[in-house]
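Given next are the chains, with one letter for each unit.
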Amino acid sequence: QVQLVESGGGLVQPGGSLRLSCAASRSVGAMGWYRQAPGKQREMVASISSGGGTTYVDSVKGRFTVSRDNAKNTMYLEMNSLKPEDTAVYFCSAGLYDPRISRSRTYWGQGTQVTVSS
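Presented here is a report on the structure given in the accompanying data block.

### A word on the packing of aromatic side chains
Moving on, step 1. In total, this model carries one aromatic pair according to the counting rule given.
Moving on, step 2. Taking the centre distance of 4.9 Å and the plane angle of 65° together, the rings of Tyr-34 and Trp-108 count as edge-to-face. Remark: Trp-108 occurs in strand 10 (residues 103-108) and Tyr-34 occurs in strand 4 (residues 31-36); sequence separation between them is 74 residues.
Moving on, step 3. The class for Tyr-34 is partly exposed, based on a relative accessible area of 23%.
Moving on, step 4. On the accessibility criterion, Trp-108 (38% relative accessible area) is partly exposed.
Moving on, step 5. Its guanidinium or amino end placed over the ring of Phe-91, Arg-42 lies 3.8 Å from that ring's centre, counting from NZ or CZ.

Encoded structure:
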């Protein structure tokens, strides 16, 4: 079992910055940030492997940076040059191999609201 707790969301003006954090209750494998805007499907924003390899959705490349501190079991999302279309609930996810089912399970946080508005 893994608990994930996000923090750092809030209201920011267009062009501003926010830093999200996701603290896991134990060591995990790959982690990711997803977001869901009202009336839209959840989309992957960024992911990071346990070794530090990263991927981003095209719409955030050059503006968002995902990182992790394995010693603290924590992942971060640095968001710069925020746009109104970045407004969404941001969720973190983490994978952990479960030998009982011989595959990885995915765990989710409760989400944190990010609102970009003037």
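### Some details on the side chain of Thr-112
Moving on, step 1. Following the sequence through the fold, Thr-112 ends up in strand 11 (residues 112-116).
Moving on, step 2. Judged by its relative accessible area of 11%, Thr-112 falls in the buried class.
Moving on, step 3. Separated by 3.3 Å, the side chain of Thr-112 and the backbone nitrogen of Gly-9 make a polar contact.

### Things to note about the pairing of strand 5 (residues 43-48)
Moving on, step 1. Across five bridges, strand 4 lies against strand 5 in antiparallel orientation. Its bridge partner being in strand 5, Gly-32 is matched across the sheet by Ser-47.
Moving on, step 2. Pairing of strand 5 with strand 6 (residues 54-56), which is carried by three bridges, proceeds in the antiparallel orientation. Residue pairing across strands places Ser-47 opposite Thr-55, the latter belonging to strand 6.
Moving on, step 3. If you look at the hairpin formed by strand 5 and strand 6, you'll find five residues sitting between the two strands, and Gly-52 has a positive phi there, around 105°.

Calculation criteria
- Residues numbered from 1 in each chain as written.
- Predicted model: local features only at pLDDT ≥ 70, side-chain atom pairs only at ≥ 80, totals over all residues.
- Heavy atoms only, no water.
- Phe/Tyr/Trp six-rings, centres within 6.5 Å; stacked < 30°, edge-to-face > 60°.
- Helix = DSSP H or I, 4+ residues; strand = E, 2+ residues; numbered from the N terminus.
- Buried < 20%, exposed > 50% of the residue type's maximum accessible area, 1.4 Å probe, protein only.
- Lys NZ or Arg CZ within 6 Å of the ring centre and 35° of its normal.
- Polar contact = N/O pair within 3.5 Å; in protein donor to acceptor, adjacent residues only side chain to side chain.
- Pairing = 2+ DSSP bridges.

Everything listed here is a matter of coordinates, which is why it stays silent on function.
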